[in-house]
Amino acid sequence: MLLSLCNEVLRDYPFPDQCRIAAALGYKGLEVAPFTISDDAFSITNADAAEHRRIAADHGIEITGLHWLLVAPAGLSLTTDDKELRGKTLSLLQHLIELCAGMGGSVLVHGSPKQRLLSQAETPEAAQENATECLERIASWARAAGVTYCLEPLSRNQTDFVNTVDEAAVIVDSIDSSAFKTMIDTASAGLTEEQPIDALIRQWLPTGRVAHIQVNDTNQRAPGQGENKFTPIFQALKDVGYDGIVAVEPFVYEPDGVTTAAVAAGYIHGILENLK
């Protein structure tokens, strides 16, 4: 397993310092949120992508992928009935797929809960149709770029479109592309799924529909900073033979980002060293 850090945890630092700190803490990669590079992701160029890739490599880590894809610019939507706005959203996602490949990343995580609400269309059915139509096009772009695009199930307090792995798997099956998968976010899964996360992993990873893992506590802090137990989760990942990316994605940084990243790295490395 490759341990990656979602870079907004260190957003107060320039990107070279983010890489230096992450590498010093034992992370092998950074998962980049485009809004940490620019307030308008359309403005990020292929040259910018190549430069970020070079900087990461100079510090001995890799950019594993992108997440929080639709934060900036504001007002985008995957589910909207507004064709022009949906087209703008698709244009950005096509651009981000290209940037991800240019950075050397292998996965894009589509969370962005407020940009995929069912209420953004006239009916829930229309919203789902709009999103699925978009995701079909996205899957073709991802395949051409050699990356995997993951639709992230999110807790119901964040969005009303795709809350469980089962719901995401229905869309994955309908699109039927090797470049389009779902993933497991441990905080959302802990709040929404009916079964424990280790059982969820054992059920879904062998099916080939899950291509990425993000870890955080249901209290929104890092693994090791809450009540959730992560040893069963990593044991399940090991038992099913998962050798992909595990990205640390806390949302609350206490007392600060560096300490949060350090706690998570130490806690997870300790678990990995003691797995059966």
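Model, not experiment: these values are computed from the prediction.

(A) A look at the nonpolar core. Core analysis: the largest hydrophobic core is formed by 81 residues, its most contacted members being Y149 and I184. The leading source of residues in this core is helix α4 (residues 124–145), at nine residues. Residue contacts for I184: discarding those within four places in its chain leaves V165, A189, I197, L200, I201, L205, V210, H212, I213 and Q214. Core analysis: the second largest hydrophobic core is formed by five residues, V109, C150, M183 and I245 among them.

(B) Just the environment of L151, in detail. Relative to the assigned elements, L151 resides in strand β5 (residues 148–151). The spacing of L151 and A169 is 18 residues in sequence and 9.2 Å in space, taken between C-alpha atoms. Ignoring any residue separated from it by four or fewer positions in sequence, one finds L151 in contact with H110, R116, L135, V162, A168, I171, F180, K181, T182 and M183.

(C) Here's a closer look at helix α9 (residues 257–273). End to end, α9 covers 24 Å across 17 residues, agreeing with the expected 24 Å (1.5 Å per residue, within 8%). Where α9 begins, the side chain of D256 points an oxygen toward the backbone nitrogen of V258, at a separation of 3.3 Å.

(D) View of the layout of surface pockets. Estimated volume of the largest pocket: approximately 190 Å³. Lining the largest pocket are 16 residues, and of these W68, L154, Q158, Q220 and F251 sit closest to its centre. Top contributing element to the lining of the largest pocket by residue count: helix α6 (residues 186–192), with three residues.

What counts and what doesn't
Residues numbered from 1 in each chain as written. Predicted model: local features only at pLDDT ≥ 70, side-chain atom pairs only at ≥ 80, totals over all residues. Heavy atoms only, no water. Core = buried A, V, L, I, M, F, W, Y, C linked by side-chain atoms within 4.5 Å. Buried < 20%, exposed > 50% of the residue type's maximum accessible area, 1.4 Å probe, protein only. Helix = DSSP H or I, 4+ residues; strand = E, 2+ residues; numbered from the N terminus. Contact = heavy atoms within 4.5 Å. Expected span 1.5 Å × (residues − 1). Polar contact = N/O pair within 3.5 Å; in protein donor to acceptor, adjacent residues only side chain to side chain. 1 Å grid on protein atoms, 1.4 Å probe; cavity = no way out; pocket = protein on both sides within 12 Å on 5 of 7 lines; lining within 4 Å. Points joined across faces, edges and corners; volume = space filled by probe spheres on them.

Honestly, it's all geometry; don't read function into it.
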